[in-house]
Amino acid sequence: MKWTKFYLPDAYSPTMEQLVYFHDHTMSIITSITILICILLNSLLWNKLIDLNMNEHQMIETWWTILPTIVLFLITIPSLKILYSMEELINPTISIKSMGHQWYWSYEYSDKFCKELESYMKYNKKNDFRLLEVDNKMKAPFLTQIRMIFSSSDVLHSWTIPCLGIKMDAVPGRINQSSLMIKKPGIFMGQCSEICGTNHSFMPIMLESIKLNKFIKWIS
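Criteria and cut-off values
Going along each chain's sequence as written, the residues are numbered from 1 onward. The predicted nature of this model means local features are confined to residues of pLDDT at least 70 and side-chain atom pairs, given and counted, to a pLDDT of 80 or more, with totals for whole chains, interfaces and linings taken over all residues. The basis for every side-chain value is the complete set of non-hydrogen atoms in the structure, without hydrogens or water. UniProt positions are given in the numbering used here, feature names are shortened, and annotations may be inferred rather than shown by experiment. Per the annotation, domain bounds derive from an automatic or database assignment of domains. The contact definition used throughout considers only heavy atoms, calling two residues in contact when any of these lie within 4.5 Å. Summed over both partners, the accessible area lost on bringing two parts together, with a 1.4 Å probe, is the buried area. A side-chain nitrogen of Lys or Arg and a carboxyl oxygen of Asp or Glu constitute a salt bridge if their distance falls within 4 Å. In protein, a polar contact requires one atom able to donate a hydrogen and another able to accept it; more generally it is a pair of N or O atoms within 3.5 Å, and residues adjacent in sequence count only if both atoms are side-chain atoms. To qualify as a helix, a DSSP run of H or I must reach at least 4 residues; to qualify as a strand, a run of E must reach at least 2; elements of each kind are numbered from the N terminus. Nonpolar residues are Ala, Val, Leu, Ile, Met, Phe, Trp, Tyr, Cys and Pro. Charged residues are Asp, Glu, Lys and Arg, and all others, Gly as well, are polar. Note on ring pairs: Phe, Tyr and Trp rings are taken, using the six-membered ring of Trp, and paired if centres are within 6.5 Å. Classes follow the plane angle, with under 30 degrees stacked, over 60 edge-to-face and the rest tilted. Three labels apply to residues, based on accessible area from a 1.4 Å probe with only protein chains included: buried if under 20% of the type maximum, exposed if over 50%, partly exposed otherwise in between. By definition here, charges over rings are those cases where NZ of Lys or CZ of Arg is within 6 Å of the ring centre and within 35 degrees of the ring normal. Throughout, an axis means a line fitted to C-alpha atoms (over the contacting stretch in the case of helices), and angles, computed between N-to-C directions, take values from 0 to 180 degrees. These descriptions rest on fixed angle ranges, namely under 35 degrees for roughly parallel, over 145 for roughly antiparallel, 65 to 115 for roughly perpendicular, and the rest for oblique. By the definition used in this description, the sense in which the near helix is turned from the far one sets the handedness, with an anticlockwise turn below a right angle giving left-handed and a clockwise turn giving right-handed. Just so you know, the count uses Lys and Arg for positive and Asp and Glu for negative, and it drops His and the chain ends.

Looking at an unreviewed UniProt entry, one finds the protein chain named Cytochrome c oxidase subunit 2, with Laodelphax striatellus as its source organism. A UniProt comment under Catalytic activity (unreviewed entry) is attached to the protein chain, and it reads "4 Fe(II)-[cytochrome c] + O2 + 8 H(+)(in) = 4 Fe(III)-[cytochrome c] + 2 H2O + 4 H(+)(out)". In its Subcellular location (unreviewed entry) section, UniProt records this for the protein chain: "Mitochondrion inner membrane".

Next up, the structure:
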């Protein structure tokens with residue numbers, strides 16, 4: 001993604017795919033309504049529709065009440081389906097705990113092997129991603145159901161990776177959880193999207209998606 005692009009990033013998780021579909025669905029409805037309003041305004045501006053005997057029109061009033069209700073249902077039903085699917089945890093294979101600190105992330109793998117690592121932003125080098133490169137990447141297997149657990153040790157943080165469709169607040173004294181399933185191998189990047197302090201923009205997230213057997217070797 002570059003700052004000059006206006007469209008959504010490519011989806012690499014089922015959740016993000018559904019969010020992209022919902023965005024396109026909603027934009028098609030909004031575009032249709034906008035075109036209809038422009039046609040009606042043009043008709044009012046260029047036509048002299050004067051009828052002193054027409055005081056009311058029951059059929060028009062009925063339809064302009066029913067049609068917006070139908071449009072709202074067309075938007076609400078897929079929106080609620082996505083919200084419920086994002087909150088659902090489907091038999092996670094791996095649990096990863098992410099802790100927000102001022103100003104870095106730490107990750108804990110404690111299902112079968114206890115492994116912890118801290119992820120700090122690296123200073124710029126020639127081949128590094130500016131303000132996104134970290135010294136220890138979070139590793140996770142693709143095509144595997146993952147449970148992400150979030151908390152914070154100090155202030156509010158927000159763990160966000162746009163192309164995976166995940167954004168969850170890390171709140172001190174509270175544990176939040178979310179579901180994650182990555183569809184392809186690769187490196188996915190994000191940043192803390194909560195204004196958490198002076199170095200808020202210097203705690204990036206870098207997730208490396210690898211094969212399950214390589215992940216087992218790495219964690220053990």
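Back to the text.
## Quick notes on the domain arrangement of the protein chain
Along its sequence, the protein chain is carved into domain 1 (14–87) and domain 2 (94–219). Across the contact, 6 residues belong to domain 1 and 8 residues belong to domain 2. Counting the surface lost from both domain 1 and domain 2, the interface buries some 510 Å², and carbon and sulfur atoms represent 53% of this. Counting the surface domain 1 buries against domain 2, the share from its top three residues, P14, M16 and M86, is 66%. Counting the contacts that link domain 1 with domain 2 gives 1 salt bridge. Here K183 makes a salt bridge to E17, at a shortest N to O gap of 2.9 Å. At the boundary of domain 1 and domain 2, one finds 1 residue pair in polar contact (both at pLDDT 80 or more). It is helix α1 (residues 14–46) that contributes the most residues to the side of domain 1 that touches domain 2, 5 residues altogether. Residues that form the side of domain 1 that touches domain 2 fall into these classes: 4 nonpolar, 1 polar and 1 charged.

## Looking at the packing of aromatic side chains
Enumeration over the complete set of coordinates arrives at 6 aromatic pairs. Both rings, one in F150 and one in W159, keep their centres 5.5 Å apart while their planes meet at 40 degrees; by these two values the pair is tilted. Here F150 falls in the buried class, since its relative accessible area comes to 0%. Accessibility expressed as a relative area gives 0% for W159, which makes it buried. The interplanar angle of 35 degrees and the centroid separation of 5.9 Å between the aromatic rings of F215 and W218 together place this pair among those described as tilted. Linking F215 with W218, this pair stays in helix α3 (residues 212–219), spanning 3 residues, or about one helical turn. Looking at W218, the relative accessible area reads 24%, which means it is partly exposed. Here the aromatic cluster, defined as three or more aromatic residues joined through ring pairs, consists of Y109, F215 and W218. Lying across the ring of W218, K115 places its NZ or CZ 4.9 Å from the centre.

## What about the packing of α1 against helix α2 (residues 58–87)?
Running from N to C, α1 and α2 point in directions that differ by 170 degrees, and their axes come no closer than 11 Å. With respect to α2, the axis of α1 lies roughly antiparallel. As for how α1 packs across α2, the hand of that crossing is left-handed. Between α1 and α2, the residues in contact are T15, Q18, L19, F22, H25, T26, I29 and I33 and V71, L74, I75, P78, S79, I82 and M86, respectively.

## Here we look at the side chain of E133
Within the fold, E133 resides in the loop between β3 (115–119) and β4 (138–141). Buried charged residue E133 carries no salt bridge. Nearest counter-charge: K137, at 4.1 Å. Those residues in contact with E133 that lie beyond four places of it in its chain are Y120, M121, K122, D128, P204 and M206.

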